[in-house]
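# Coordinate inspection notes
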Amino acid sequence: MNCLEERILKDGIVKEGNVLKVDSFLNHQMDINLFNEMGKEFAKRFEGKNINKILTIEASGIGIACVVAQHFNVPVVFAKKSKSINIDGDMYVAEVVSYTHKNTNQVIVSKKFLSEDDHVLIIDDFLANGCALQGLISIVQSAGGTVEGIGIAIEKGFQPGGQIIRNLGYQLESLAIVESMDASTGKVEFRAQ
Ligand code: 5GP
């Protein structure tokens, strides 16, 4: 078991609606030493890939992406969530349905910060149905860039996102894959990796 899995067992809280709450160490209070270990692991798993940029999505992806980026020595760009319909032509835009908030956001990245020269590692905190990742992938494609890989902290393996993204042919690396979780008992089980 790796340190992220151990931490999920210790401090994660299983909520109704297939939501795993990890706000004491991942997406509200953030354990930077844990993020650093995650960065080391991603550097190993994506070794040899030509990565010059990390792309994530606000808000929870940003902290993880910044610490991970130190292991790749590359800048981080985050897609911003925007309610505005009047988005000018200087932006790449994708629609993302939020798993936790159950609403749809347009996410935007300035054309200044992503181009056909970019070889991108996408980083996010969770993978559930894969909407956030599909939005980020489409933004990289709009820019003419290349998705070199996708690094996720926690994949919920019983939801379809992982399968969808792997079927598209991307190297998807999830540090913890939750195979099952039960809100009534609090029990969490991981897929062996
Ligand atoms: P997807 O787009 O893959 O359905 O969901 C991914 C996004 O939803 C992540 O960026 C994350 O913010 C949020 N999310 C999905 N499932 C969970 C969960 O169980 N716990 C938390 N804290 N966030 C989640």
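An account of the accompanying structure is given in this report. Please read these numbers as outputs of a predicted model, since none were measured by experiment.

Calculation rules
Residues numbered from 1 in each chain as written. Predicted model: local features only at pLDDT ≥ 70, side-chain atom pairs only at ≥ 80, totals over all residues. Heavy atoms only, no water. Near = heavy atom within 4 Å. Polar contact = N/O pair within 3.5 Å; in protein donor to acceptor, adjacent residues only side chain to side chain. Areas by Shrake-Rupley, 256 points an atom, 1.4 Å probe, with all protein chains shown as cover. Helix = DSSP H or I, 4+ residues; strand = E, 2+ residues; numbered from the N terminus. Core = buried A, V, L, I, M, F, W, Y, C linked by side-chain atoms within 4.5 Å. Buried < 20%, exposed > 50% of the residue type's maximum accessible area, 1.4 Å probe, protein only. Contact = heavy atoms within 4.5 Å. Axes fitted to C-alpha atoms, helices over the stretch in contact; angles between N-to-C directions. Nonpolar A, V, L, I, M, F, W, Y, C, P; charged D, E, K, R; others polar. Parallel < 35°, antiparallel > 145°, perpendicular 65-115°, else oblique. Left-handed = near helix turned anticlockwise from the far one by under 90°. Phe/Tyr/Trp six-rings, centres within 6.5 Å; stacked < 30°, edge-to-face > 60°. Lys NZ or Arg CZ within 6 Å of the ring centre and 35° of its normal.

## Describing the site of the ligand
The immediate surroundings of the ligand are formed by 16 residues, with Leu20, Ala128, Asn129, Gly130 and Ala132 found nearest. The contact in question runs from an oxygen atom of the ligand to an N or O atom on the side chain of Asp124, over 2.9 Å. At 3.1 Å, a backbone N or O of Cys131 approaches an oxygen atom of the ligand. For the ligand, the protein covers 90% of the area, taking 510 Å² as the surface of the free molecule. Elements supplying a minimum of two residues to the shell around the ligand: β2 (19-21), β7 (119-127) and α4 (131-143).

## Observations concerning the nonpolar core
Residues Leu4, Leu20, Leu26 and Ile154 are the most contacted members of the largest nonpolar core, which totals 32 residues. For this core, the secondary structure elements donating two or more residues are α1 (3-11), α2 (32-45), α3 (60-72), β7, β8 (146-156), β9 (172-181) and β10 (188-190). No other element matches α3, which puts six residues into this core. With residues up to four places along the chain from it excluded, the contact list for Ile154 reads Leu4, Ile8, Leu20, Val22, Leu26, Asp125, Phe126, Leu127, Ala176 and Val178. Grouped together as the second largest cluster of nonpolar side chains are 25 residues, Val107, Leu114, Ile122 and Ala143 included.

## Some points on the side chain of Glu155
Within the element layout of this structure, Glu155 appears in strand β8. Sequence-distant contacts of Glu155, that is, excluding residues within four places in its chain, are made with Leu127, Gly162, Arg166, Leu172, Ser174, Ala176, Ile177, Val178 and Arg191.

## Let's talk about the packing of α1 against α2
In helix packing, the relevant descriptors are the interaxial angle and the interaxial distance, both defined with respect to the helix axes. Viewed as axis vectors pointing N to C, α1 and α2 meet at an angle of 145°, and their least axial separation amounts to 10 Å. Across the interface between the two elements, Cys3, Leu4 and Arg7 of α1 pack against Leu34, Glu37 and Met38 of α2. Looking at the contact of α1 with α2 residue by residue, the classes come out as four nonpolar, no polar and two charged.

## A word on the environment of Phe72
Position of Phe72 among the secondary structure elements: in helix α3. Expressed as a C-alpha distance, the spacing of Phe72 and Phe42, which sit 30 residues apart in the sequence, is 9.2 Å. What Phe72 contacts, discounting residues up to four positions off in sequence, is Phe42, Ala43, Phe46, Ile51, Ile54 and Leu121.

## Regarding the packing of α2 against α3
Put simply, α2 and α3 touch, their axes get as near as 8 Å, and they point 50° apart. The angle between α2 and α3 falls in the class oblique. Every pair of crossing elements has a handedness; the one defined by α2 and α3 is right-handed. Of the residues in α3, those touching α2 at Ile32, Phe35, Asn36, Met38, Gly39, Lys40, Phe42 and Ala43 are Gly63, Ile64, Val67, Val68, His71 and Phe72.

## Concerning the packing of aromatic side chains
Scanning all chains against the criterion turns up one aromatic pair. Geometrically, the ring pair formed by Phe42 and Phe46 is tilted, given 6.3 Å between the ring centres and 35° between the ring planes. Among the residues examined, Phe46 registers a relative accessible area of 1% and is labelled buried. One residue, Lys102, lies across the ring of Tyr99, its end atom 4.3 Å from the ring centre.

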